[in-house]
Amino acid sequence: MTLLRITPLAAVLAIALSACSGQQSPPPAEPVATPEATPAETAPAADAVDAAATAPVSGDCAFNLEGNDAMQFNAKEIVVPASCSEFTINLEHTGSMPVAAMGHNVVITKEADMGEVDKDGIAAGAASDYVKAGDDRVIAHSKMIGGGEKTSVTFDVSKIATGGPYGFFCSFPGHFAMMQGSIRVE
């Protein structure tokens, strides 16, 4: 009699386990460490990219900023060393689309003014690189470039040392929403 009770119970358990087995995930693989691995090699790639994206190039007074065909800058923040009197942003368009279709520039202004500066720049048109001529709110701006091109803009750091916060953005029509970040002196 006991054998009959165990058998149906065992069958029910077997069916339940087999139904669940397709939903269970395998146990996570354990990381394999090699003696040659250094902490930098084992750090997550995203952390390395984020750190590089906010650090001045080689600790000097310049920063390499990239824009692509997906309307993205490679950095959301630029930190300017307080020891710099002038600072240069080197902009590279890493995409392939022409300037008329997917142009990029970099415009620096107070964060509070960014939206209005962008709107006025769009009204100014392509001939002015989508930056209103003589706009006192603009601290600095580069020319508009297309895929594969490079440009740079250098400005006096004292212009962003106080009175911020300050930001940077691309003023090509429609890019402001996705291509912007902050810039500060530290």
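Quick note: structure is the one above.
Below is a short write-up of the structure. (Residues numbered from 1 in each chain as written. Predicted model: local features only at pLDDT ≥ 70, side-chain atom pairs only at ≥ 80, totals over all residues. Heavy atoms only, no water.)

Glancing now at the sheet that holds strand β7 (residues 166-169). With respect to topology, 5 strands assemble into an open sheet ordered β2-β8-β7-β4-β5, the strand pairing being mixed. Both outer strands of the open sheet, β2 (77-80) and β5 (138-141), are each paired with one neighbouring strand and no more. Neighbouring strand axes in the sheet, compared pairwise and without regard to direction, differ in orientation by 25 degrees on average. Pairing analysis gives 4 bridges linking β2 to strand β8 (residues 180-185), with the strands arranged parallel. Note on β8: the bridge partner recorded for V79 is R184. Each of β4 (107-110), β5, β7 and β8 touches helix α5 (residues 114-124); the most contacted strand, β7, lies at about 35 degrees to it. (Pairing = 2+ DSSP bridges. Helix = DSSP H or I, 4+ residues; strand = E, 2+ residues; numbered from the N terminus. Axes fitted to C-alpha atoms, helices over the stretch in contact; angles between N-to-C directions. Contact = heavy atoms within 4.5 Å.)

In the structure shown here, the tally under the stated rule is 1 disulfide. Disulfide pairing is shown between C61 and C84; the S-S distance is 2.0 Å. Taking the sign of the torsion about the S-S bond as the criterion, the disulfide between C61 and C84, at about -95 degrees, is left-handed. Taken together, the residues C61 in the loop between α3 (45-54) and β1 (62-67) and C84 in the loop between β2 and β3 (86-93) connect sequence positions 23 residues apart. (Disulfide = S-S within 2.5 Å.)

Let us now look at unusual backbone geometry. The omega angle of the peptide bond from G164 to P165 is 10 degrees, so this bond is cis rather than trans. Here P165 is to be found in the loop between β6 (150-156) and β7. Here M71, not a glycine, exhibits a phi torsion of approximately 55 degrees, which is positive. Note that M71 resides in the loop between β1 and β2. On the basis of relative accessibility, which here comes to 19%, the residue M71 falls in the buried class. Phi at D129 takes a positive value of approximately 60 degrees, unusual for a residue other than glycine. When you line up the elements, D129 lands in the loop between α5 and β5. (Buried < 20%, exposed > 50% of the residue type's maximum accessible area, 1.4 Å probe, protein only.)

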